[in-house]
Amino acid sequence: MVTVKEIKLAKNSKDEEFYGLIVQSGAMPVKSKKTGRVYITAKTAFVATTFDEETASSLIGSEFEGFIRRVETEPYEYTIEETGEIIMLNHRWEYVDPALEMEEQLVEEAVVI
């Protein structure tokens, strides 16, 4: 399950504005690579929508089936908003709806047959 935490105004490749949802996973334990200690965190992802601001805002607090997974990418610079520190990343977090993923697998199998 993921929960809609907020909305965010974004721009597409044609410089057109649209609203997206920031979704968050449930709490999960993670072990720190630096200290070796366990801490609790939640992953977030951006999901594009076709909604206007009012409709997108009405979804805050809604829950959807699915999960957030790590997807490897080409390295890119990322600025940490709180500190202004620039770091290099080679991944992003993506929302996955298991029903849609299963549907894609069924279509791929049907094409092979």
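Residues numbered from 1 in each chain as written. Predicted model: local features only at pLDDT ≥ 70, side-chain atom pairs only at ≥ 80, totals over all residues. Heavy atoms only, no water.

(A) Molecular detail of the overall build of the protein. The helix and strand tally for the protein stands at two helices and eight strands. Each helix and strand of the protein, ordered N terminal to C terminal, gives the series β-β-β-β-β-α-β-β-β-α. Counting over 113 residues, the protein shows a buried share of 19%. Of the roughly 8,900 Å² of accessible surface on the protein, a fraction of 53% belongs to carbon and sulfur atoms. (Helix = DSSP H or I, 4+ residues; strand = E, 2+ residues; numbered from the N terminus. Buried < 20%, exposed > 50% of the residue type's maximum accessible area, 1.4 Å probe, protein only. Areas by Shrake-Rupley, 256 points an atom, 1.4 Å probe, with all protein chains shown as cover.)

(B) Expanded view of the pairing of strand β8 (residues 86–96). Bridge analysis of strand β7 (residues 67–79) against β8 gives 10 bridges, and the strand direction is antiparallel. Bridge pairing links T79 to I86 in β8. In this antiparallel pair of consecutive strands, β7 and β8, the connection spans six residues, and G84 shows a positive phi of 80°. (Pairing = 2+ DSSP bridges.)

(C) Seen up close, the packing of aromatic side chains. One pass over the full model with this rule turns up one aromatic pair. Seen from their ring centres, F18 and F46 are 6.1 Å apart, and the 65° between their planes marks the pair as edge-to-face. One end of the pair, F18, is in strand β2 (residues 17–24); the other, F46, is in strand β5 (residues 44–48), with 28 residues separating them in the sequence. (Phe/Tyr/Trp six-rings, centres within 6.5 Å; stacked < 30°, edge-to-face > 60°.)

(D) Looking closely at the sheet that holds β5. Pairing is antiparallel across the open sheet formed by four strands, whose spatial order is β5-β2-β1-β6. Only two strands of the sheet have a single neighbouring strand rather than two, namely β5 and β6 (63–64). Summarising the sheet, strand β1 (residues 2–11) and β2 pair through eight bridges and their orientation is antiparallel. The partner of L9 across the bridge, within β2, is Y19.

(E) Fine view of the nonpolar core. Judged by nonpolar contacts, V2, V4, I7, Y19, L21, V23, A45, A56, L59 and I68 together constitute the single largest core of 10 residues. Not counting residues up to four positions away in its chain, the partners in contact with L21 are V4, E6, I7, A45, F46, V47, T49, A56 and L59. (Core = buried A, V, L, I, M, F, W, Y, C linked by side-chain atoms within 4.5 Å. Contact = heavy atoms within 4.5 Å.)

(F) Geometry of unusual backbone geometry. In this model, D15 sits at a positive phi of 65°, which is unusual for a non-glycine residue. The exposure class assigned to D15 is exposed, which follows from its relative accessible area of 54%.

(G) Geometry of the environment of E17. With respect to the element layout, E17 can be found in strand β2. In contact with E17, other than residues within four places in its own chain, are L9, A10 and K11.

(H) A look at the pattern of salt bridges. Going through the model one piece at a time under the given rule, you end up with four salt bridges. Linking R69 and E94 is a salt bridge whose minimum nitrogen-to-oxygen distance equals 3.5 Å. Of this pair, R69 sits in strand β7 while E94 sits in strand β8; the two residues are 25 residues apart in sequence, bridging distant segments of the chain. With relative accessibility at 23%, the residue E94 sits in the partly exposed group. Each member of the salt-bridge network shares a partner with another, and the members are R69, R92 and E94. (Salt bridge = Lys/Arg side-chain N within 4 Å of Asp/Glu carboxyl O.)

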